[in-house]
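# Tertiary structure, described
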Amino acid sequence: MKIIAVIGSGTMGNGIAHTFAQSGFTVKLIDVSEKSLDKGMATIFANLDRMVAKGTITEEDKFKTINNIITYTDIKDGVVGVDLVVEAATENVELKLYIFKQLNEVCSHNTIFATNTSSISITQIGAVVAHPERVIGMHFMNPVPLMPLVEVIRGQKTSDEVTKIIMTLAEKLGKTPVEVNDFPGFVTNRILMPMINEAIETLYNKVAGVYEIDTVMKLGMGHPMGPLQLADFIGLDVCLAILNVIQDGFKNPKYAPCPLLVEMVSNGKLGVKSGEGFYDYSESKKADKISKQFI
C-alpha cells in the first residue's frame with residue numbers, strides 16, 4: 001500500500017493527509033473547492049513549521065512531506081491508481097453515501113474504502129458499494145498528526161483481511177489502532193458525547209457555570225480540557241450531529257441533545273470555528289474568556 005487518496009481538506013482531511021505524507025506515502029488530497037485545498041495545504045505547512053520549530057522534524061522532513069501530497073478537485077482523477085481511499089468529508093450521512101456511490105463507480109474493485117466518520121454506520125455506508133467487505137472505519141482523533149489513537153470500525157460485512165491491513169497500516173503511521181464493532185457512536189463518541197451533553201445539561205440547569213464545570217472535570221477527573229471547552233474545540237454542530245445519530249440509532253431518550261446545545265447551533269455559536277461557543281474566541285483561540293451569554 002503506497003498511494004492514498006484523502007477526500008476532504010478540512011480539519012480532519014488535511015490532518016490525515018499530513019500524517020500519511022509524513023510517513024512516506026503518496027497522498028492525493030481531493031476537495032471540490034480549490035480554495036479549500038489551498039487552505040488545507042496552508043494548514044499542513046503551518047503545522048509542519050511548528051514541528052520544525054519544536055525540533056520534532058527537520059526542514060528536509062517538512063519538504064518531503066509536502067512533496068508527497070498532490071491536490072485534485074475531481075474525484076475521478078484523484079483516485080486513479082490508489083490503494084486506499086480515506087473519506088473525511090463533513091459528518092453528514094447523505095453526503096458520505098453520495099461520495100461512496102461515486103467511489104464505487106470510479107475505483108478499482110481492489111481499492112479499500114475507509115471513512116473517518118465519528119458516528120455514522122459503516123454497514124450503511126458499505127451497502128451502497130459493490131464490495132462492502134472492503135469498507136471500514138478509520139476514525140482518527142484531532143489533531144491527527146499528534147493524537148495516537150485510530151478507532152478501526154468493522155462493518156457487518158468488513159472482511160478479516162481488510163481489517164488486518166488497516167490495523168497494520170495504522171501502526172505504520174505510528175498510531176495505536178483499536179478494533180471496535182459497528183454501533184452508533186462506536187466507543188469514542190458513545191461515551192464522550194453523552195458526557196459532553198450532560199455537562200451542557202448541568203450548565204443549562206444552572207448547577208454551575210462554564211468555568212466551574214470545566215475546572216471540576218480537569219482537576220477532579222484528570223481531563224486535559226473540560227467538556228465544554230472540548231465541545232467548542234470539536235464544534236457544537238458536530239457534537240449535535242453525533243448525538244442525533246446516536247439517539248436515532250438507539251431510540252433512547254438519554255441521548256437526546258440538550259436544548260441549550262440545539263439553540264447554540266441554531267444561533268451559529270459553534271465554538272472555536274465560529275469565534276464563540278461556551279467561550280469567546282474573538283481575541284484568542286485559547287479558552288480564556290467565557291462567552292458573555294454565560295457570565
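Residues numbered from 1 in each chain as written. Predicted model: local features only at pLDDT ≥ 70, side-chain atom pairs only at ≥ 80, totals over all residues. Heavy atoms only, no water.

So, on to the pairing of strand S6 (residues 135–140). Counting buried residues along S6, 6 of its 6 residues qualify, which places the element largely inside the surrounding structure. The two faces of S6 match: Val135, Gly137 and His139 on one face and Ile136, Met138 and Phe140 on the other face are all buried. Direction of pairing for strand S5 (residues 112–115) relative to S6: parallel, over a ladder of 3 bridges. Following the sheet pairing, Thr115 is matched in S6 by Gly137. (Buried < 20%, exposed > 50% of the residue type's maximum accessible area, 1.4 Å probe, protein only. Helix = DSSP H or I, 4+ residues; strand = E, 2+ residues; numbered from the N terminus. Pairing = 2+ DSSP bridges.)

Considering all chains together, one arrives at 6 aromatic pairs under this definition. Their ring planes at 70 degrees and their centres at 6.0 Å tell us that Phe100 and Phe113 sit as a pair that is edge-to-face. Of this pair, Phe100 sits in helix H5 (residues 93–106) while Phe113 sits in strand S5, and the two are 13 residues apart along the sequence. Here the aromatic cluster, defined as three or more aromatic residues joined through ring pairs, consists of Phe20, Phe25 and Phe140. (Phe/Tyr/Trp six-rings, centres within 6.5 Å; stacked < 30°, edge-to-face > 60°.)

All right, on to the pattern of salt bridges then. In this structure the tally under the stated criterion is 11 salt bridges. Among the ionic contacts, a cluster of salt bridges with common partners joins Asp49, Glu59 and Lys62. (Salt bridge = Lys/Arg side-chain N within 4 Å of Asp/Glu carboxyl O.)

Below, the discussion takes up the sheet that holds strand S3 (residues 69–72). With mixed pairing, 8 strands are arranged side by side in an open sheet as S3-S2-S1-S4-S5-S6-S7-S8. Of all the strands in the sheet, the pair left with one neighbour each is S3 and strand S8 (176–181). Averaged over neighbouring strand pairs, the angle between their axes works out to 25 degrees when direction is ignored. Relative to strand S2 (residues 26–30), strand S1 (residues 3–7) runs parallel, the two being bridged by 5 bridges. (Axes fitted to C-alpha atoms, helices over the stretch in contact; angles between N-to-C directions.)

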